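# Descriptive structure summary
Residue-level listing of the chains:
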Amino acid sequence: MELLERHQSGDWGVVCKEDAAENELSVAEGFRIMSVYNLTTGTKVWVISEADRSVSTILLPEEY
């Protein structure tokens, strides 16, 4: 839940500056949003919300 809450609040995690700007545009325009978080174990996790915000998916990069 913590990652979803961060994602929903606009904390995009460890995305680059350009991807963070793209997420801000995506929020305003209704496009897909992607956040990247590093767990304390070192595992990288992606959170992706679809453009219509009907679904958010949490996955490992290799699962994409």
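Residues numbered from 1 in each chain as written. Predicted model: local features only at pLDDT ≥ 70, side-chain atom pairs only at ≥ 80, totals over all residues. Heavy atoms only, no water.

Tallying secondary structure elements over the protein chain gives two helices and three strands in all. The linear arrangement of helices and strands in the protein chain, starting from the amino end, is α-α-β-β-β. Computed over its C-alpha atoms, the radius of gyration of the protein chain comes to 11 Å, within 12% of the 11 Å expected for a compact globule of 64 residues. Principal axes of the C-alpha set define a box for the protein chain whose edges measure 35 × 25 × 20 Å. Counting across all 64 residues of the protein chain, residues that qualify as buried make up 25%. Of all intrachain contacts in the protein chain linking residues separated by at least 6 positions in sequence, the fraction that spans at least 24 positions is 26%. Accessible area for the protein chain stands at about 4,400 Å²; split by element, carbon and sulfur atoms hold 53% of it. (Helix = DSSP H or I, 4+ residues; strand = E, 2+ residues; numbered from the N terminus. Rg over C-alpha atoms; globule rule 2.2 N^0.38 Å. Buried < 20%, exposed > 50% of the residue type's maximum accessible area, 1.4 Å probe, protein only. Contact = heavy atoms within 4.5 Å. Areas by Shrake-Rupley, 256 points an atom, 1.4 Å probe, with all protein chains shown as cover.)

Here we come to the nonpolar core. In terms of nonpolar packing, the biggest core is built from seven residues, these being Trp12, Val15, Ile33, Val36, Trp46, Ile48 and Leu59. Secondary structure elements with two or more residues in this core: strand E1 (33-38) and strand E2 (44-49). Aside from chain neighbours lying at most four places away, what touches isoleucine 33 is His7, Trp12, Asn23, Ser26, Val27, Val47, Ile48, Ser49 and Arg53. (Core = buried A, V, L, I, M, F, W, Y, C linked by side-chain atoms within 4.5 Å.)

This part covers the side chain of serine 26. When you line up the elements, serine 26 lands in helix H2 (residues 17-29). Discounting residues that sit within four places of it in the chain, serine 26 has contacts with Phe31, Arg32, Ile33 and Arg53.

With respect to the helices and strands, serine 49 occurs in strand E2. Under the relative-accessibility criterion, serine 49 is labelled buried at 5%. When sequence neighbours within four positions are dropped, the list of residues in contact with serine 49 reads His7, Arg32, Ile33, Val55 and Ser56.

Bridging between E2 and strand E3 (residues 56-59) involves four bridges; their strand directions are antiparallel. Each bridged residue has a counterpart across the sheet, and for serine 49 the counterpart in E3 is serine 56. Connecting the antiparallel pair E2 and E3 is a turn made up of six residues, with arginine 53 showing a positive phi of about 60 degrees. (Pairing = 2+ DSSP bridges.)

Read these as layout, nothing more, since geometry by itself doesn't imply function.
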